[in-house]
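The lines below spell out each chain.
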Amino acid sequence: MFRNGALLPATDQSTVRNPWTGEDVGLVARDSVAQMDEAVRELRAAWRPMRPDRRAAVLSAAAHLIRERSGALAELISQESGVCIAETRKETERAATNLVVAATEAERLRGESIPVPGHDRLALTIFEPVGVVAAITPFNRPLNQVVVKVAPAVAAGCAVVLKPSEKTPLTALAFAEILLEAGLPPEHLVVTTGEPGTIGPALAGHPDIDMVTFTGSVRTGRDVARVAAGKKLLLELGGNDPLIVLPDADLGLAVELAGQGAFATAGQSCRGIKRVIAVGAIADDLVAGLVEAARRKRAGDPLDPATDVGPLISAEAAIVVERRISDAVAANAKLLYGGDRRDSLITPAVLDHVPAAAELVVEETFGPVAPVIRVADTAAAIEVANGTRYGLQAGVVTSDAAEFSEIAAALRVGAVNLNAGPHFDSPHIPFGGVKSSGLGREGLSYSIREMSTVKTVTLPYPL
């Protein structure tokens, strides 16, 4: 367990394996609930909030260290997650950028003064840290998913108990060491690793945890919410994000966006494109372009710089994607390219005429798949886009501003992007969904406020 600023000897251990080679990457502690409980209680007793300028200094220093070590970190991410090195190099820079933004926002967290109408009093609002935050993170993007939870918690002045995915814990532990080297006091951070079904619920329900921030599946997120009842929650529970392509769309742009959004990170991204909704006559050309885009993607060894698509996190995950593709084909979808499985690797797949009721597009499919659903008009596109339990983000490709405004108003999602995919992302804007896609908003300044409480102080103030 990473506790008191160091890795402590483990009484039990788990092996982390490379999804591509199957080789051992490292060993981590398999913490018991009793060990986690002791660490959380100790953290709670020792933690004291830092001044905002100190928080900012720690976050800025951590960004600098990540950039210094970006090569080693990118390789570690690829080894334990299977994501290709070309993408993990981008992930390290993205994580550093998020830390820099969090540092800036730490010093911009200010309340307001309110002359109270009808009273000779002035009210002052003050942001205070919510307390001890439990951050539970998934396997995909194992550095940045950790940073977007830990960085705002540090910026808000909170202590953090981090539980990374049991599949990709090594990057989280490397980042914890970076934070301590950057000046974070040891009593501000614990990293606990272990079986998710054991440690996760016990951590989320722990009496010394004030807030839980979680990214993962809808089912697990609901379990977290139940055991964390009464605590503050920030839940990001996935998406089934559509790219809607209208007949007047720039075809080259639509193909580029669909290929990027469907195949990046081997399709293992909550904000990636899970459905391509083609409206009217553009469908034939769009599908042809997508097939060519998939042909150009090289799938294989994630440590080869020429690789575009690495393996999925496990063979079991790949088998689910393979079955969903087969089921869609059995329901009259046309598999035009790819979809071949070798152990945990799925080659980039393009399917046409996918029924809107197919499991491939009803559920969040974590794989490099571009399923095209053909519809006749905008109204049908909106109905299909809204026809799942998810509501994270969406993209619309069109040159018609009025049509886009109508679609944007009708979609039940957290964000709609014109001439950009649902995978558009910035640390400066809110990120989160509606329906089963979650609760609350990430995005650095938004997460910092989620991880804060507002205290109101009033005092006599005659005018």
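None of the values given here were measured: they were computed from a predicted structure. (Residues numbered from 1 in each chain as written. Predicted model: local features only at pLDDT ≥ 70, side-chain atom pairs only at ≥ 80, totals over all residues. Heavy atoms only, no water.)

Engineer: A description of the overall build of the protein should follow, citing residues and the corresponding values.
Structural biologist: Of regular secondary structure, the protein possesses 15 helices and 22 strands. Taken over the C-alpha trace, the protein has a radius of gyration of 23 Å; the compact-globule value for 463 residues is 23 Å, and the two agree within 12%. Its C-alpha atoms put the protein at 70 × 60 × 40 Å along the principal axes. When the 463 residues of the protein are sorted by exposure, 56% land in the buried category. Taken as a whole, the protein presents about 18200 Å² of accessible surface, with 52% of it coming from carbon and sulfur. When the 45 basic and 55 acidic side-chain charges of the protein are each reduced to a single mean position, those positions are 4 Å apart. (Helix = DSSP H or I, 4+ residues; strand = E, 2+ residues; numbered from the N terminus. Rg over C-alpha atoms; globule rule 2.2 N^0.38 Å. Buried < 20%, exposed > 50% of the residue type's maximum accessible area, 1.4 Å probe, protein only. Areas by Shrake-Rupley, 256 points an atom, 1.4 Å probe, with all protein chains shown as cover. Lys, Arg positive; Asp, Glu negative; His and termini not counted. Charge placed at Lys NZ, Arg CZ, Asp CG, Glu CD.)

Engineer: Go over unusual backbone geometry, please, and point to the residues and values.
Structural biologist: Positioned with a positive phi, N4 is a non-glycine residue whose angle comes to about 55°. As for its placement among the helices and strands, N4 is situated in the loop between β1 (2–3) and β2 (6–7). For T265, which is not glycine, the phi dihedral falls at a positive 55°. By the element assignment, T265 lies in the loop between α9 (251–263) and β13 (273–279). With a relative accessible area of 3%, T265 lands in the buried category.

Engineer: A description of the pattern of salt bridges should follow, citing residues and the corresponding values.
Structural biologist: Inspection of the entire model under this criterion finds 27 salt bridges. Between E105 and R108 there is a salt bridge whose closest N-O contact spans 3.3 Å. For K167, the salt bridge is made with E166, and the minimal N-O distance between the two is 3.2 Å. Among the ionic contacts, a cluster of salt bridges with common partners joins R323, R324, D327 and E359. (Salt bridge = Lys/Arg side-chain N within 4 Å of Asp/Glu carboxyl O.)

Engineer: I'd like a description of the state of the cysteines, backed by residues and values.
Structural biologist: Applying the stated rule across the entire model yields 0 disulfides. C84 supplies the cysteine sulfur nearest to C270, a cysteine that is in no disulfide, at a spacing of 17 Å. Judged by its relative accessible area of 8%, C270 is buried. (Disulfide = S-S within 2.5 Å.)

Engineer: Break down the pairing of strand β18 (residues 369–375) for me, with residues and values.
Structural biologist: Burial of β18 is extensive: 6 of the 7 residues sit out of reach of the surface. Here β13 pairs with β18 via 4 bridges, running parallel. Directly across from V276, in β18, lies its bridge partner V372. Pairing between strand β17 (residues 349–352) and β18: 3 bridges, direction parallel. Of the residues in β18, the one forming a bridge with A349 is V369. (Pairing = 2+ DSSP bridges.)

Engineer: A description of the nonpolar core should follow, citing residues and the corresponding values.
Structural biologist: Grouped together as the largest cluster of nonpolar side chains are 56 residues, with contacts concentrated most on I244, V245, V276 and L351. Tallying contributions element by element places helix α10 (residues 283–296) first for this core, with 7 residues. Residues contacting I244, with those up to four places away along its chain left out, are I277, V279, A381, A385, G395, V396, V397, I407 and L411. The next biggest cluster of nonpolar side chains, apart from the first, holds 55 residues, and it includes L76, V101, A151 and L444. (Core = buried A, V, L, I, M, F, W, Y, C linked by side-chain atoms within 4.5 Å. Contact = heavy atoms within 4.5 Å.)

Engineer: Can you break down a nonpolar patch on the surface residue by residue, with the values?
Structural biologist: A cluster of nonpolar side chains, contributed by L124, I126, V457 and L459, occupies part of the molecular surface with about 250 Å² of accessible area. Elements with a contribution of two residues or more to the nonpolar patch: β6 (121–129) and β22 (452–460). Mapped onto the fold, L459 is located in strand β22. (Patch = residues over 30% accessible without salt bridge, like charges linked within 9 Å, V, L, I, M, F, W, Y side chains within 5 Å.)

Engineer: Lay out the layout of surface pockets in plain terms, naming residues and giving numbers.
Structural biologist: Where empty space is left in the structure can be found by rolling a water-sized probe over the atoms. Approximately 1200 Å³ is the volume attributed to the largest pocket. Together, 42 residues line the largest pocket, and P138, F139, G216, S217 and T220 are the ones closest to its centre. Tallying contributions element by element places helix α8 (residues 218–227) first for the lining of the largest pocket, with 6 residues. A class-by-class count of the residues in the lining of the largest pocket yields 18 nonpolar, 13 polar and 11 charged. Looking at the second largest pocket, its volume works out to about 670 Å³. Within the residue set of the lining of the second largest pocket, elements represented by two or more residues are α4 (85–106) and α9. Considering each element in turn, the lining of the second largest pocket owes the most residues, 6 residues, to α4. Broken down by class, the residue content of the lining of the second largest pocket amounts to 7 nonpolar, 9 polar and 9 charged. (1 Å grid on protein atoms, 1.4 Å probe; cavity = no way out; pocket = protein on both sides within 12 Å on 5 of 7 lines; lining within 4 Å. Points joined across faces, edges and corners; volume = space filled by probe spheres on them. Nonpolar A, V, L, I, M, F, W, Y, C, P; charged D, E, K, R; others polar.)

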